[in-house]
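Geometric and topological summary
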Amino acid sequence: MSQNVEFSPGHDKGGTPLVRAEGLRVTYGLTRALDGVDLTVERGDSIAIIGSSGSGKSTLLHCLSGLVAPSEGRVLCSGRDVNVMSDSERSSLRRQRFGFVFQFGQLVPELTAMENVSLNMRLNGVGRRPAEESARSWLRDLGVEELARRRPGEMSGGQQQRVAVARALAPGPDIIFADEPTGALDTANGELVLDLLIQQVSIRRCALVVVTHDDKVAAYAEREVVLRDGRVVPSATGAPR
Ligand SMILES: Nc1ncnc2c1ncn2[C@@H]1O[C@H](COP(=O)(O)OP(=O)(O)OP(=O)(O)O)[C@@H](O)[C@H]1O
Ligand SMILES: [Mg+2]
């Protein structure tokens, strides 16, 4: 198990951005997935990353969250370069300060919904009972409380996605990274998820970085970052922000 390094949110009080990416380049063979991207994420930000398929959106999200190391450039979290941290420091950082919502394969298949949602809180040192109470309340908010004892293989794709949202939000992350978080959901549940994500930004002053193809999803965010061929280009709704 990784060592439990504390990452204090207090580091950000002096106005240091939550995450700052500088000159990110990611190359896969001849493909430039990212070609010089700068982006700053501050408390209270909600940012939609949009662009056509293959433009580099997921790669950018993975770099910002320390899941992929850039070929060039750096990602600073509370002023520290996430790619010079040890693996255990980086996983502690992700567990304590980041929440992830991806479309597929992020729930642990052997664990029930309740265990999946409680897991990171337990690893962060929260006791079993408060972790389960919080997990139950998030499952309720997402309309999947009755699935608490089921494993992912016993749920639909949309139900798994809502459990994954509960899992991301329950520990109270500083930044929520979401890649097509409503891709498996009907309109009503998609709106429920987006409302909850945006509510968290305003209530807790965390930040949301959401990758989407869907203009309705992008409209929930305050800022839009448009990628084309791995570069940020001006947004159709105004100047790049
Ligand atoms: N692990 C990898 N190995 C090789 N090439 C990759 C890898 N990951 C991404 N790419 C390539 O990098 C480019 C950007 O991919 P990325 O997944 O970031 O696109 P995207 O904007 O998220 O697309 P989509 O909307 O289809 O999800 C694509 O050309 C893709 O084929
Ligand atoms: Mg993608």
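First, a word on scope: everything that follows refers to the structure included in this document. (Residues numbered from 1 in each chain as written. Chains lettered and ligands numbered in written order. Predicted model: local features only at pLDDT ≥ 70, side-chain atom pairs only at ≥ 80, totals over all residues.)

**A few points about the overall build of the chain**
What the chain contains, in helices and strands, is seven helices and 10 strands. Taking 2.2 N^0.38 as the reference for a compact globule, 241 residues should give roughly 18 Å; the C-alpha atoms of the chain span a radius of gyration of 17 Å, in line with that estimate. Its C-alpha atoms put the chain at 45 × 40 × 35 Å along the principal axes. Taking contacts inside the chain between residues at least 6 apart in sequence as the whole, the part at least 24 apart equals 69%. (Helix = DSSP H or I, 4+ residues; strand = E, 2+ residues; numbered from the N terminus. Rg over C-alpha atoms; globule rule 2.2 N^0.38 Å. Contact = placed C-beta atoms within 7 Å.)

**A closer look at the environment of H213**
In this structure, H213 sits in the loop between β8 (207-211) and α7 (215-218). Put simply, H213 and D179 are 34 residues apart on the chain and 9.8 Å apart in space, counted from C-alpha to C-alpha.

**Things to note about the nonpolar core**
One finds I49, A166, I175, L208 and V209 to be the most contacted residues of the largest nonpolar core, which totals 68 residues. No other element matches the six residues that helix α5 (residues 157-169) contributes to this core. Filtering out sequence-adjacent residues up to four positions away, A166 remains in contact with V117, A135, W138, L139 and L142. (Core = buried A, V, L, I, M, F, W, Y, C linked by C-beta atoms within 7 Å. Buried ≥ 20, exposed ≤ 12 C-beta atoms within 10 Å, placed from the backbone.)

**Side note on the sheet that holds strand β6 (residues 98-101)**
Reading across from one edge, β6-β7-β8-β3-β9-β10 is the order of the six strands in this open sheet, with mixed pairing throughout. Strand pairing shows two members of the sheet lacking a second neighbour, β6 and β10 (231-233), which therefore form its edges. Neighbour-to-neighbour, the strand axes of this sheet turn through a mean angle of 25°, independent of strand direction. For strand β9 (residues 223-228) and β10, the ladder comprises three bridges, and the chain directions are antiparallel. Bridge pairing links V226 to V233 in β10. (Pairing = 2+ DSSP bridges. Axes fitted to C-alpha atoms, helices over the stretch in contact; angles between N-to-C directions.)

**Examining unusual backbone geometry**
The backbone of E180 shows a phi angle near 50°, a positive value even though the residue is not glycine. Within the secondary structure layout, E180 lies in the loop between β7 (175-179) and α6 (187-204). Residue D229 is not a glycine yet carries a positive backbone phi of 50°. As for its placement among the helices and strands, D229 is situated in the loop between β9 and β10. For D229, a count of 15 C-beta atoms within 10 Å puts it in the partly exposed group.

**Digging into the packing of helix α4 (residues 128-141) against α5**
Angle between the axes and distance between the axes: these two values describe a pair of packed helices. Put simply, α4 and α5 touch, their axes get as near as 9 Å, and they point 135° apart. As the angle between them shows, α4 and α5 are arranged oblique. Seen along the crossing, α4 lies across α5 with a hand that is right-handed. Here α4 contributes A135, W138 and L139 to the contact with α5, which in turn contributes V163, A166 and L169. (Parallel < 35°, antiparallel > 145°, perpendicular 65-115°, else oblique. Left-handed = near helix turned anticlockwise from the far one by under 90°.)

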